[in-house]
Amino acid sequence: PSCAFALAPGNISTTMDPGTSKVVGSATITNNGNIPNVTLSTSGTVLTSGSNAMPVSVSVSPSVVSPPTGSTVTVTATANPTQAAGTYTGNVVISPSCGGASMTLAVSVTVTSRSVAFGAAPAAVAVNPGVNATQSFTVTNNGTAPIRAGELGVSMTAFTRSEEHTSELQSP
């Protein structure tokens, strides 16, 4: 009996923003052996960048193979909203239950930095006293971070009061 598998490609990578989930990539596992019902298991579900860590989920489908059937291993990464920018690397190891050589899939995920910059037009709005009026303004995203529902709040921080006085001069 022969327990032989091959993995291609040997590495996968992607770039993503914090607060997103993305399939990093997939690799094909080819069954070159002749042993039926071989279970493929994985290990290595954390990528690191210095002291920062990023968990990844790994799936192998199907996880039990017989010749000549192969499988596909898919790696999905999720960067939480506060994930530090950087390149996270690690290995996913796929091991066949028949005792054949393990396969290593190198994984690299670059998390971008988000810049937040908003603009508003007009910069100020006026409301007349005693009048129940609606004023509109436009908020523009000038940064690289997406605007998500609930992340943008509007507050009134400055009020200016102006009064107009007139007087008449009367001649005798």
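Only a predicted model underlies this, so the values are computations on that prediction, with no experimental measurement involved. (Residues numbered from 1 in each chain as written. Predicted model: local features only at pLDDT ≥ 70, side-chain atom pairs only at ≥ 80, totals over all residues. Heavy atoms only, no water.)

S.K.: Looking at this model, I keep getting lost on the overall build of the protein chain. Mind explaining?
M.R.: For the protein chain, the count of helices and strands is 0 helices and 12 strands. Going from the N terminus to the C terminus, the protein chain shows its helices and strands as β-β-β-β-β-β-β-β-β-β-β-β. Taking all 172 residues of the protein chain together, 24% fall into the buried category. Contacts spanning at least 24 positions in sequence make up 65% of the contacts within the protein chain whose residues lie at least 6 apart. Summed over all atoms, the accessible surface of the protein chain reaches about 10900 Å², with 51% contributed by carbon and sulfur. (Helix = DSSP H or I, 4+ residues; strand = E, 2+ residues; numbered from the N terminus. Buried < 20%, exposed > 50% of the residue type's maximum accessible area, 1.4 Å probe, protein only. Contact = heavy atoms within 4.5 Å. Areas by Shrake-Rupley, 256 points an atom, 1.4 Å probe, with all protein chains shown as cover.)

S.K.: Explanation requested: the environment of Thr74 in the structure shown.
M.R.: Looking at the element boundaries, Thr74 is found in strand E8 (residues 71–79). Residues Thr74 and Ser59, 15 residues apart in the sequence, show an inter-C-alpha distance of 5.3 Å. Those residues in contact with Thr74 that sit more than four places away from it in its chain are Val23, Gly25, Ser26, Ser57, Val58 and Ser59. There is a polar contact of 3.1 Å between the side chain of Thr74 and the side chain of Ser26. (Polar contact = N/O pair within 3.5 Å; in protein donor to acceptor, adjacent residues only side chain to side chain.)

S.K.: Would you take a moment to explain unusual backbone geometry for this structure?
M.R.: Working note: non-glycine residues mostly have negative phi, and peptide bonds are mostly trans. Geometrically, the link from Ala8 to Pro9 is a cis peptide bond, its omega value of -10° lying close to zero. Within the secondary structure, Pro9 is located in the loop between strand E1 (5–8) and strand E2 (11–16).

S.K.: Got a minute to help me understand the pairing of strand E6 (residues 52–61) in this structure?
M.R.: Every regular strand shows the same layout, with side chains that alternate between the two sheet faces. One ladder, built from 4 bridges, connects strand E5 (residues 46–49) with E6; its direction is antiparallel. Each residue of the ladder has a partner; that of Val46, found in E6, is Pro55. Between the end of E5 and the start of E6, which pair antiparallel, lie 2 residues, with Gly50 showing a positive phi angle near 65°. With 6 bridges connecting them, E6 and E8 associate as antiparallel partners. When the sheet's bridge partners are listed, Ser59 is paired in E8 with Thr74. (Pairing = 2+ DSSP bridges.)

S.K.: Explain a nonpolar patch on the surface to me, please; I cannot follow it from the model alone.
M.R.: On the surface, a cluster of nonpolar side chains totalling about 320 Å² of accessible area is made up of Phe118, Val125, Phe137 and Val139. By the element assignment, Phe118 lies in strand E11 (residues 118–121). (Patch = residues over 30% accessible without salt bridge, like charges linked within 9 Å, V, L, I, M, F, W, Y side chains within 5 Å. Salt bridge = Lys/Arg side-chain N within 4 Å of Asp/Glu carboxyl O.)

S.K.: How should the state of the cysteines be read in this particular structure?
M.R.: Structurally, a disulfide amounts to a covalent bond that connects the sulfur atoms of two cysteines. Under the definition given, this model contains 1 disulfide. Shown here is the disulfide that connects Cys3 with Cys98, its sulfur atoms set 1.6 Å apart. A torsion of 50° about the S-S bond marks the disulfide between Cys3 and Cys98 as right-handed. Of this pair, Cys3 sits in the segment before E1 while Cys98 sits in the loop between strand E9 (86–96) and strand E10 (103–111), placing them 95 residues apart in sequence. (Disulfide = S-S within 2.5 Å.)

S.K.: Even after reading the chapter, I still don't get the nonpolar core, so can you show me in this structure?
M.R.: For soluble globular proteins, nonpolar side chains are generally found buried alongside one another. Of all hydrophobic cores here, the largest spans 27 residues; its most connected members are Ile29, Met54, Ile94, Leu105, Val107 and Val109. Among the secondary structure elements, those contributing two or more residues to this core are E1, E2, strand E3 (20–31), strand E4 (38–43), E6, E8, E9 and E10. The leading source of residues in this core is E10, at 5 residues. Filtering out sequence-adjacent residues up to four positions away, Met54 remains in contact with Met16, Thr45, Val46, Leu47, Ala77, Thr78, Ala79, Gln83, Tyr88, Val109 and Val111. (Core = buried A, V, L, I, M, F, W, Y, C linked by side-chain atoms within 4.5 Å.)

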